[in-house]
Each structure stands twice: as structure tokens, then as C-alpha cells.
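In case you want the letters, here they are:
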Amino acid sequence: QFDTNYASGRSGMVHLFEWKWDDIAAECENFLGPNGFAGVQVSPVNENAVKDSRPWWERYQPISYKLVTRSGNEEQFASMTRRCNAVGVRIYVDVIFNHMAANGGTYGTGGSTASPSSKSYPGVPYSSLDFNPTCAISNYNDANQVRNCELVGLRDLNQGNSYVQEKIAEFLNHLIDLGVAGFRVDAAKHMWPADLGVIYGRLKNLNTDHGFSSGSKAYIVQEVIDMGGEAISKSEYTGLGAITEFRHSDSIGKAFRGKDQLRYLSNWGTAWGFAASDRSLVFVDNHDNQRGHGAGGADVLTYKVPKQYKMASAFMLAHPFGTPRVMSSFSFSDTKQGPPTTDGHNIASPSFNSDNSCSGGWVCEHRWRQIYNMVAFRNAVGSDAIQNWWDNGSNQIAFSRGSRGFVAFNNDNYDLNSSLQTGLPAGTYCDVISGTKNGSSCTGKTVTVGSDGRASIYLGNSEDDGVLAIHVNAKL
Ligand SMILES: O=C(/C=C/c1ccc(O)c(O)c1)N[C@@H](Cc1ccc(O)cc1)C(=O)NCCCOc1c(-c2ccc(O)c(O)c2)oc2cc(O)cc(O)c2c1=O
Ligand SMILES: [Ca+2]
């Protein structure tokens, strides 16, 4: 269903891609809880095929539903959900039940063996009776093929089979027992909506021992890559749950790369072809398209273009549309390389610098001040609508969120230097992009709002960050 199950006053989901469960638990307690984050999307929890050189996509090749991966085991997973829920941070699991591992010398991260060529996965168990007849997806304009044939050789489960439905429901309900708040359903486009409806209908209520109100249902985000032009559209899935809105990632990338003028963002939302706000999980980049070949392609912004990335992230977090998810990456030069390891196999834990940024091969975009301060901005403005939209006719824009927050952007190649209506009560505010509020002073810019709500806003075009943001919780 469509409710995120977030604790009140919190927003901002972060995808801690490839993090280990113990490290996520610590991050909930040390950083995400204290900074008002609402949830974490974790990497797949079920046993996956071990591939040579450990590419990141091996975790999308299930061997069984045993909770043993390079991120940890069931006990560590249970401890993570307990510790994160205790500080108001929810856990969402990336679940893969469209398919099982493809061919190749195959054993799993939990030691199970499998024989994809004979469609035998004893770790579940699944046999050839549980799979669709072997055929390859070659034509994305044939909806039957996209659902019933194999995606790049991955053995295609038949979710219309009652035994398969039972095993999938058992797997998801086990995670619900362990305290999760919802799921990111991988490759949903490759499964029939009717079958998904049956499976979702078999889910238990969330576990009230973890602080969920009784009767709560799992938040469902379905990965449906729909950039238009294919037989299958996201609207087939938005009645069942939310969907990953890839058009948001593509459009925000184009806008902040200067391909579309920022003034056009004044009607950001369904007018841009996005699904309804409460059905759209939105993001600047994700684990797949940040590597350039996923949906959105070359226009997707990543940590590799930091100024534009921070501006786009700030816009996403300042704007009321959709449910934002912040990508937290490991650095990569090769698009298939996996997470940092200590020995080529065991994932390395992130290490932290004195300024709270990460090192050791982890990028930790969620720990960039310009990003985590905008999660606090989103919390401060609540559901207030956009007001006081201003633009200069090209790439300088500004708007307020009711009378609780104000944000300005400059993507032109000259300074923004104007007196603008902020919508805020008179007073002195700290800009939370160039710095933060520290006791009774600002470590970055200070903005004085007059009794008429106007303030002089300066954003030099050569500044590190092309954004300025103030809100009522950063007021002196
Ligand atoms: O690049 C990749 C992996 C990409 C990938 C992985 C997980 C995702 O959630 C995702 O969205 C993409 N995989 C590499 C390497 C690879 C992996 C497995 C394999 O049998 C063959 C090759 C690759 O080159 N893949 C082909 C292009 C990407 O095609 C994939 C898609 C995909 C891409 C675009 C679409 O419009 C679409 O509907 C599906 O989804 C996956 C989902 C999975 O659960 C596992 C996969 O292997 C894949 C997947 O290969
Ligand atoms: Ca399928």
C-alpha cells in the first residue's frame, strides 16, 4: 500500500547500497536518527549467487530465501531492524522474486548449491515446475514476453503458481516478523500485476513490537522502469503500490545539467509525466542508473558531478512532490565493480572523517551537509504547499514552503542578487547549504528577513553550491 509507515516528523529515505547490517544499525543510532531521516533501503537480504570478481549485480541473482549475504546473517539483520526502529528509522528491503540466478558455476553466499540449467534451487526448494518455459525477452513491446520470458538469462519464476506464491509470501512475512516497514520489489515490470496483487494480499500486518500501529501494512515500492515507448506502463502497478519514478531521475538530471531551464520546474510533478505524488518514489540516481546504462542514461546526475548533484538533491528534498530516496554509494570506476572489501570478498565497513564524511571507498552522499540539512528542511516544512515562486526567466528560481522554509537556486552563469519574498516571519536565519546553525550563530551565510518577508538573496555563480536554503528550525 502507499503509506510509508514513517515515524512522525521524519522524511528522507536513504539507500545504503551494499552496507552491512551491523554498520547500518550503527548509522541509524549515530547519524540517521539524530538527523531526522525516516528510513533505509537495504540491499537484498536473501542468499545470492557468488560470481567471480564479486560484481554488485550478483546480489540480484537469488539462490534461496535464506537471510545470509555479504551484508550479514539473520541475527545481524534482526538486530539492525530492532536498533533502527528504536531510533525512529524504518527498514525497507530490496526483494527479488521475479527470478532466480542465471547460469554459471553457482553456489550461494549461504553455501547452498543450485543448478540454474536444470532450474533446480534446493535451498528454497524450487524445481523446474515452478518456472516459466525458457525463452528470452527480446521485445519490450510484447507484454507477455516481458513477464513470462527470461531477463538476461535469469530463470523466470511463475508467480501464478500457488507454490511459488506461498514461498514468496513466506519469505516476505518472515521479514515482516523481523520488523521491516516495507519492500522495494525488484523487476516488478517483469511480473503480472494480478499475481503481485495476490502475493501482496497474503502479507501480514506489520510487527507492532517494532513500534508500528496495529493494522499497519507494508509500504510497497515497485521497480517499474517506464520511460515511455514500451508495452508496459507504470499505471498497471500504481493501484498496487508506489513505483520508482525513473522519469524524475531523468528530468531532474536534464534540468540541472542545463538542458532544460530551471524556470520550467514551476509545474514539477504529474505535469511532467510522473505518476501521482503518493505513488511516486523519487530519486536523483539509483544503484543501476548511476552507472550510466540504466534508465535515464547519460543525463542522470551522480556523486561524480557534485555541484549539480547537490542542487538536484536539494530541489528534490525541498519540493513536496513524491517520496524522496537519497542514494548512498560506494565509489566506482568500473560499472560492474562491487563494494569495497577487506580481502576481495568481505565487505569493508565505512570509516568516518572528522567532518563526518566517509572514507574507505564509501561516498556517503547522505552525510554531505547540503543533503542531510535538506532532509531537516523537509522535516521543518511538513506538508506546506509551494508559495512565492520566483524565477528570472532562465535558471534562477526560488520558492517557499508555506511560511516555514525558503530555497533559491542559481544555475545561470552570473550572480543571483535580488530582494525576494521568502514567505518567512521576520528574523535572522542560517543558510543550511553553505553552513549550519550552531547555537546562536551561523557557520555559513546569514539571511535577514524583513517584516515584509523579503530578504536580499545572493548566490554567486561560482560558489561551490548553487543553492541557498533557510527554514524556521534554522532561525537565530
Ligand atoms: O546491469 C546489470 C544489472 C542490472 C540491474 C540489477 C538490478 C536492478 O534492480 C536493476 O534495475 C538493474 N547486469 C549486467 C550483467 C548481467 C547480469 C546478469 C546476467 O544474466 C547478464 C548480465 C547487464 O549487463 N545486464 C543487462 C542490462 C541490464 O538488464 C537488467 C535489468 C533491466 C534493465 C533495464 C530494464 O528496462 C529492465 O526492465 C530490466 O534488470 C535486472 C534486474 C535484476 O534483478 C538483475 C539483473 O541482472 C537485471 C539486469 O541485468
Ligand atoms: Ca517474470
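All figures in this text were calculated on a predicted structure; none of them were measured in a lab.

Participant: Sorry, what's going on with the side chain of Ser112 here?
Facilitator: The topology assignment puts Ser112 in the loop between strand S4 (99-100) and helix H3 (143-148). For Ser112, a relative accessible area of 8% gives the class buried. Within the local environment of Ser112, its side chain forms a polar contact with the side chain of Glu47, the two groups lying 2.7 Å apart. Ignoring anything within four residues of it in the chain, the contact list for Ser112 reads Glu47, Ile63, Ser64, Lys66, Tyr107 and Gly123.

Participant: Quick question: what am I supposed to make of unusual backbone geometry here?
Facilitator: Note: most peptide bonds trans; most residues except glycine with negative phi. Here the bond from Val124 into Pro125 is cis, since omega is 0 degrees, no more than 30 degrees from zero. For Pro125, the location among the structural elements is in the loop between S4 and H3. Notably, Ser53 is not glycine yet its phi reads approximately 60 degrees, a positive angle. Along the chain, Ser53 falls in the loop between strand S2 (37-42) and helix H2 (74-86). One non-glycine residue, Cys364, adopts positive backbone phi at about 50 degrees. Considering the arrangement of structural elements, one finds Cys364 in the loop between strand S12 (358-359) and helix H8 (369-381).

Participant: Explanation requested: the layout of surface pockets in the structure shown.
Facilitator: Empty space among the atoms can be located by rolling a probe the size of a water molecule over them. By volume, the largest pocket is sized at about 590 Å³. Lining the largest pocket are 23 residues, and of these Leu151, Val152, Asp186, Glu223 and Asp288 sit closest to its centre. For the lining of the largest pocket, the class distribution of residues is ten nonpolar, seven polar and six charged. The set of elements that each furnish at least two residues to the lining of the second largest pocket consists of strand S1 (11-16), strand S10 (323-328) and H8.

Participant: Any chance you could explain the sheet that holds strand S15 (residues 405-410) here in plain terms?
Facilitator: Adjacent strands of a sheet pair through backbone hydrogen bonds, lying either parallel or antiparallel. Across the sheet, which stays open at both edges, the four strands sit in the order S13-S14-S15-S22 with antiparallel pairing between neighbours. In the strand order of this sheet, the two ends are held by strand S13 (386-391) and strand S22 (467-471), each with one partner. Direction aside, neighbouring strands of the sheet carry axes that sit 10 degrees apart on average. Across six bridges, strand S14 (residues 396-401) lies against S15 in antiparallel orientation. The residue of S15 that forms the bridge with Gln396 is Asn410. Packed on one face of the sheet, H8 meets S14, S15 and S22 and runs near 40 degrees to S22.

Participant: Just to check I follow, could you spell out the coordination of the calcium ion (ligand 2) for this structure?
Facilitator: Reference values for coordination geometry: four tetrahedral donors around a metal ideally subtend 109.5 degrees, six octahedral donors ideally subtend 90 or 180 degrees. Donor atoms from the polypeptide that bind the calcium ion (ligand 2) are Asn98 (OD1), Arg147 (O), Asp156 (OD), Asp156 (OD) and His190 (O), placed at 2.3 to 2.6 Å. One chain supplies every donor for the calcium ion (ligand 2), spaced along it as N-x48-R-x8-D-x33-H. With Asn98 in the loop between strand S3 (90-95) and S4 and His190 in the loop between strand S6 (182-185) and helix H5 (193-200), the pair connects residues that are 92 residues apart, well separated along the chain. The same class applies to Asn98 as to His190, namely buried.

Each value, and the rule that gives it
Residues numbered from 1 in each chain as written. Chains lettered and ligands numbered in written order. Predicted model: local features only at pLDDT ≥ 70, side-chain atom pairs only at ≥ 80, totals over all residues. Heavy atoms only, no water. Helix = DSSP H or I, 4+ residues; strand = E, 2+ residues; numbered from the N terminus. Buried < 20%, exposed > 50% of the residue type's maximum accessible area, 1.4 Å probe, protein only. Polar contact = N/O pair within 3.5 Å; in protein donor to acceptor, adjacent residues only side chain to side chain. Contact = heavy atoms within 4.5 Å. 1 Å grid on protein atoms, 1.4 Å probe; cavity = no way out; pocket = protein on both sides within 12 Å on 5 of 7 lines; lining within 4 Å. Points joined across faces, edges and corners; volume = space filled by probe spheres on them. Nonpolar A, V, L, I, M, F, W, Y, C, P; charged D, E, K, R; others polar. Pairing = 2+ DSSP bridges. Axes fitted to C-alpha atoms, helices over the stretch in contact; angles between N-to-C directions. Donors = N, O, S within 2.8 Å, 3.2 Å for Na, K, Ca; no water.

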